[in-house]
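Structure at a glance
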Amino acid sequence: MCYLGIGDTFTPCHKDLCASFGHNLMCYTEDDTSAFWFMTDTSAALSMAMYFQSLGQELDLESHAMSIEEFAAAPCEIYIAEQKAGDLVLVPPRSCHQVINHGGLTVKMSWSRMSIRSTQVALHHELPIYRR
């Protein structure tokens, strides 16, 4: 997929589908433009889902953009990275993540891949969520 974004646009906090590995390459930016990534470990998926429910939200609906205060109060480590032109961000399976664009125009290319292990994890952990 290709993403075009400008400053102050974002993706809501979410997990990539079916425990896949996410790849995101920033292909182009204007001037000092970047994107800030907020990510969790793979192992934090359940605690983040429960945290979302405590906020009256549902993680897997991809409808809630978390505030800095909500990230600070999260029940797990939150990793923050700044992505600039040419940077590739790798998103672990089941990592809860949110991206916020900063500055001018950004162009990012994104793709996912699955391993045999991803398929097993998806079958046992993700598909039951999707079936709710």
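Keep in mind that what you see is a predicted model, and the values were worked out from it rather than measured. (Residues numbered from 1 in each chain as written. Predicted model: local features only at pLDDT ≥ 70, side-chain atom pairs only at ≥ 80, totals over all residues. Heavy atoms only, no water.)

Attention shifts here to the sheet that holds strand β2 (residues 10-14). One open sheet holds the 4 strands; their spatial order is β2-β7-β4-β5, and the pairing between them is antiparallel. At either end of the open sheet lies a strand with only one pairing partner, and these are β2 and β5 (79-83). Across the sheet, the mean angle separating the axes of adjacent strands is 15° when strand polarity is ignored. (Pairing = 2+ DSSP bridges. Helix = DSSP H or I, 4+ residues; strand = E, 2+ residues; numbered from the N terminus. Axes fitted to C-alpha atoms, helices over the stretch in contact; angles between N-to-C directions.)

Here the focus is the pattern of salt bridges. On inspection of all chains with the given rule, the structure shows 3 salt bridges. One network of salt bridges, with partners in common, ties together Lys 15, Asp 60, Arg 94 and Glu 126. (Salt bridge = Lys/Arg side-chain N within 4 Å of Asp/Glu carboxyl O.)

To continue, consider unusual backbone geometry. Of note, the phi angle at Ala 19 is positive, near 60°, even though the residue is not glycine. Among the structural elements, Ala 19 can be located in the loop between β2 and β3 (21-29). Positive phi outside glycine occurs at Glu 62, with the angle close to 50°. Secondary-structure assignment places Glu 62 in the loop between α1 (45-54) and α2 (68-72). By relative accessible area, Glu 62 is classed as partly exposed at 37%. (Buried < 20%, exposed > 50% of the residue type's maximum accessible area, 1.4 Å probe, protein only.)

Before going further, it helps to spend a moment on the sheet that holds strand β1 (residues 2-5). The strands making up a sheet are joined through hydrogen bonds of the backbone, oriented either antiparallel or parallel. Pairing within the open sheet is antiparallel, and its 4 strands lie in the order β1-β8-β3-β6. The open sheet has two free edges, formed respectively by β1 and β6 (88-91), since each of these has just one partner strand. Direction aside, neighbouring strands of the sheet carry axes that sit 25° apart on average. Looking at chain direction, β3 and strand β8 (residues 106-113) are connected through 8 bridges and run antiparallel.

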